[in-house]
Amino acid sequence: MPAAAAPLISCVQKLVLYETRARFFLVGSNPAETKYRVLKIDRTEPKDLVIIDDKHVYTQQEVRELLGRLDLGNRTKIGQKGSSGLSRAVSAFGVVGFVRFLEGYYIVLITKRRKMADIGGHAIYKIEDTNMIYIPNDSVRVTHPDEARYLRIFQNVDLSSNFYFSYSYDLSHSLQYNLTVLRMPLEILKTETSQTRQESFDIFEDEGLSAQGGSGIFGICSKPYEKYVWNGKLLEAVKNTVHRDWLLYIIHGFCGQSKLLIYGRPIYVTLIARRSSKFAGTRFLKRGANCEGDVANEVETEQILYDASVMSFSAGSYSSYVQVRGSVPLYWSQDISTMMPKPPITLDQADPFAHVAALHFDQMLQRFGSPIIILNLVKEREKRKHERILSEELVAAVTYLNQFLPPEHAIIYIPWDMAKYTKSKLCNVLDRLNVIAESVVKKTGFFVNRPDSYCSILRPDEKWNELGGCVVSTGRLQTGVLRTNCVDCLDRTNTAQFMVGKCALAYQLYSLGLIDKPNLQFDTDAVRLFEELYEDHGDTLSLQYGGSQLVHRVKTYRKIAPWTQHSKDIMQTLSRYYSNAFSDADRQDSINLFLGVFKPKEGKPHLWELPTDFYLHHKNTLGLSQTRRSYTYWWTTDVLKHLPLPFDEVTCAENRRKLTVKKFHKYEEEIDIHNEFFRPYELSSFDETFCLAMTNSTRDFMPKNMGIDPSPFTVRKPDETGKSVLGNKSNREETVLQRKTAASAPPPPSEEAVSSSSEDDSGTDKEDEGAVSQRSTPVKVTDTGDNTKITENVVQSTKDVYGVNLSDVPSEDDLTIYTRFVQLGQSQHKPDKSSQQFCSKLHLDRVINLIPISSFSQDNIYEVQPPRADRKSIEIFHAHIQAGKGNMQPLGKEDFFMYREYIRNRYL
């Protein structure tokens, strides 16, 4: 039985910044506004950041008294009411960080947020707007002429574009890691708790928890994975001085979620992409890898599937699959000064011992385990040697590294010229990719937090028995990862990842007992929903790295894209070329400044004066390292011992130091996900409920006409789906009219609710474009009052409405079944005399007479007699009456424990 553990929930989710002439006071509270923390920021220091956190938890009354005293003490005249000494500056939802250029520090606050996904009750938010506030007072400010330019460069990183955070879920780690941490043995959690006990003191903590027989729950907070955290440098100045609730780590990439309804059962499909903050940049300016093994355009994509009907991490069913994309891990680049669409590829440094590739694959073994599978999609045959340069060097590097690894943990290299197969009329690209995807998923396996279902054991599938990964008592673990790359890691890579994800999705659905075989077909509602998620995922990543949306999509490789798609591809190609030629340099400077790769200093060249940023990303060029890694034992010492399991998920002393463990009462807000999700203290409306507004397979993909199989795994014709029916604006009115004439069909969605992911109607409506970027747009229902006359004149057969013809005379078997049903209904209440005489005369064969079981002596549709209360209940009631009259009974030991628990939960 695993230990009772839960993720720690941050108690700082609402912030208000108050200001005086000398200080800023940042007041943070939990959503219920019962617990508060206060940060004091000094404004008298022109260039230093002075922050004081007393790490005390205030009540609402204490905070009001504190702010009142501050307001009274900072007025210019004592007792003056005209001007306040304490003014409210801004409200926020989190602190992104603190940054300094050449003058004083700025504080960056999140002022708007939007919920994008929900994983087991843990909300994931997207940053919608931020506010950057200068901390020092104007009286002590030392101005610099270049400060404004640095500020503009920093703000070129649009924080309202695809930056995500969560108060309770660690977005920098995978679901497998987060749930593995929660299943740590009880003895280890107790050890870690004793080491972090000094953070808080509670007079009832030891006595109350021990008296209740260990009813406490361990709250666990893990250290984020720095590679995927984008504000790590912004929080570096304060992370050792403030409480962890103030630290809000953000990721950059993509997050989308859709609801797959399987006969009413809600299954949430979530796609999370984490873009690496190491060696980050734009398309032609960041290629290959740096000296530390970090590659350009490295993105970790995780698809999460879980049953939304059970919210708990411990009791729910969760599954995930992770894959990675990234540039070829070599020293290579492309010269963009030639103004060519495809600049020549050059190898910058000779690396005969594959040093940089060894560092990169060592990181992957430590995070994902083995096997590492490389799917290389670059061209193999070219008239002029271009992409083939990378393939030859990558093969040499993998061959060299594999000779030192054990054969069972060797790196698997799969070369496949995807462009060549696309041009061929005899080959189907996606069929070949499906074969590769099956072999990859069988080698790596996937994560699921529940053991195999009993039906899978009774009727095992051949493909299921061949599945790899690691099988444990609590389910399955993914060991190893697929690493896909082409030259840009955009179009071809996204299609290949979609096919692998589609194959893994079938295994995930099968493991949760939702389908009978681990296989999914194209043109089903489930695959269309998943394809739309991956297209949004690919467009977002392509805009961030390449400057345009995807040029080639899944429909392009299926060769079912409409003829209008070719003109769109041309426009996307031109947009990408323009962005790479004219705006990528400015975007690269902004990223370097935001991530802290470049730090402005007096007396040193400015960012815009540098001829190149090569030296900023390759630290070995600024100094020689005293230690050199082995050319043969190129992996970290402890990584190889635990393979195929990833070293980061192994229970060892090094990994335990990354955890913060604290024991709480089961009703504490820091671990109570029920209150965090449902917010019983807030007034909510259905229009704003996220689960009702998100993309829905039944509403958005299933055909609207009746008589169609509602299963999301049924193959449908392209003209049957909800998306394609509303694809062309020309036939939209006709389709709406057809739906309104159907007597049993629901009213159609308005044009604002129609997503523009279909290739036929993109660019036609502004509302359609907004539905893609804002996946939580609520559906609006149009009025059907205009066509009531048409509906009345249409007479439909029972076959069209119900899917079956009703016969005139029921059969004898149906009459027998109906008679039994009537007899069952009569057995549920006390029959009167007339019905008793009737039943005595009527003899029915094979009828079961049921005896009603109830606490009530008379329980039927005619009368109800309340049950008799037992002696103990009567005594409790009399004691309640006496207490109301002032006659109190002496308290026992259990009453004292109950009162202490109440005081602790209410006030401490």
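Before reading on, note that the structure itself is shown above.
Calculation notes
- Residues numbered from 1 in each chain as written.
- Predicted model: local features only at pLDDT ≥ 70, side-chain atom pairs only at ≥ 80, totals over all residues.
- Heavy atoms only, no water.
- Helix = DSSP H or I, 4+ residues; strand = E, 2+ residues; numbered from the N terminus.
- Buried < 20%, exposed > 50% of the residue type's maximum accessible area, 1.4 Å probe, protein only.
- Contact = heavy atoms within 4.5 Å.
- Areas by Shrake-Rupley, 256 points an atom, 1.4 Å probe, with all protein chains shown as cover.
- Axes fitted to C-alpha atoms, helices over the stretch in contact; angles between N-to-C directions.
- Left-handed = near helix turned anticlockwise from the far one by under 90°.
- Nonpolar A, V, L, I, M, F, W, Y, C, P; charged D, E, K, R; others polar.
- Patch = residues over 30% accessible without salt bridge, like charges linked within 9 Å, V, L, I, M, F, W, Y side chains within 5 Å.
- Salt bridge = Lys/Arg side-chain N within 4 Å of Asp/Glu carboxyl O.
- Lys, Arg positive; Asp, Glu negative; His and termini not counted.
- Charge placed at Lys NZ, Arg CZ, Asp CG, Glu CD.
- Expected span 1.5 Å × (residues − 1).
- Polar contact = N/O pair within 3.5 Å; in protein donor to acceptor, adjacent residues only side chain to side chain.
- Pairing = 2+ DSSP bridges.

> Even after reading the chapter, I still don't get the overall build of the protein chain, so can you show me in this structure?
The helix and strand tally for the protein chain stands at 30 helices and 27 strands. Relative to its 908 residues, the protein chain shows a buried fraction of 49%. At a minimum sequence separation of 6, the contacts of the protein chain that also span at least 24 residues come to 72%. Surface summary for the protein chain: the accessible area is close to 46000 Å², and the carbon and sulfur share equals 54%.

> Got a minute to help me understand the packing of helix α12 (residues 491–511) against helix α13 (residues 525–545) in this structure?
Any two packed helices are characterised by the angle at which their axes cross and by the distance between the axes. Their axes nearest at 10 Å, the elements α12 and α13 cross at an angle of 145°. For the pair α12 and α13, the sense of crossing is right-handed. Contact residues: α12 offers N494, Q497, F498, G501, K502 and L505, while α13 offers V527, F530, E531, Y534, H537 and G538. Counted by class, the contact of α12 with α13 contains five nonpolar, five polar and two charged residues.

> What is the right way to look at the environment of L151 in this model?
Among the secondary structure elements, L151 is positioned in helix α2 (residues 147–155). With sequence-adjacent residues up to four places away left out, L151 is seen in contact with F101, Y106 and M132.

> Quick question: what am I supposed to make of a positive patch on the surface here?
A contiguous patch of positive charge, built from K342, K383, R384 and K423, is present on the exposed surface. Mapping K383 onto the fold places it in the loop between β18 (372–376) and α7 (388–402).

> Can you walk me through the pattern of salt bridges in this structure?
Pairing between side chains becomes possible if they bear opposite charge and their charged atoms approach one another. Counting across every chain of the model gives 33 salt bridges. Linking R528 and D523 is a salt bridge whose minimum nitrogen-to-oxygen distance equals 3.2 Å. A cluster of three or more residues bridged by salt bridges with shared partners is formed by R274, E300, E302 and R367.

> Can you walk me through helix α9 (residues 429–444) in this structure?
Given 3.6 residues per turn, any residue in an α-helix points the same way as the ones three and four places further on. The end-to-end C-alpha distance of α9 is 23 Å, a good match for the 22 Å that 16 residues give at a rise of 1.5 Å each. A distance of 3.1 Å separates the backbone nitrogen of L430 from a side-chain oxygen at the start of α9, and that oxygen is part of N428. Downstream of α9 by one or two residues, G445 has phi in the positive range, about 70°.

> How should I be thinking about the side chain of N494 in this particular structure?
Locating N494 in the fold gives a position in helix α12. Side-chain polar atoms of N494 contact the side chain of R325, separated by 3.0 Å. From its side chain, N494 meets the backbone oxygen of Y534 in a polar contact 3.3 Å long. The residues contacting N494, other than those within four sequence positions of it, are R325, Y534, H537, G538 and L550.

> Can you walk me through unusual backbone geometry in this structure?
Backbone phi values are negative for most residues with the exception of glycine, while trans is the configuration of most peptide bonds. S370 connects to P371 through a cis peptide bond whose omega is 5°. Following L643, the chain continues into P644 via a peptide bond in cis, with omega recorded as 10°. Examined against the element boundaries, P644 turns out to sit in the loop between α17 (639–642) and α18 (653–656). Look at K55: it is not a glycine, yet its phi comes out positive at around 55°. Mapping K55 onto the fold places it in the loop between β5 (51–53) and α1 (60–73). What makes K55 partly exposed here is its relative accessible area of 45%. At N162, a position not held by glycine, the phi torsion is positive, near 65°. With respect to the element layout, N162 can be found in the loop between α2 and β10 (163–165).

> It is not clear to me how the sheet that holds strand β1 (residues 5–7) should be interpreted in this structure. Could you clarify?
In sheet architecture, strand pairing relies on hydrogen bonds along the backbone and comes in two forms, parallel and antiparallel. Pairing in this open sheet of three strands is mixed, and the strands run β1-β11-β24 from one edge to the other. In this open sheet, the two strands that pair with only one neighbour each are β1 and β24 (659–664). The mean angle between the axes of side-by-side strands here comes to 30°, regardless of whether they run parallel or antiparallel. With three bridges joining them, β1 and strand β11 (residues 217–222) adopt parallel strand pairing. Directly across from A5, in β11, lies its bridge partner F218.

In short, the description is geometric, and any link to function would need to be established separately.
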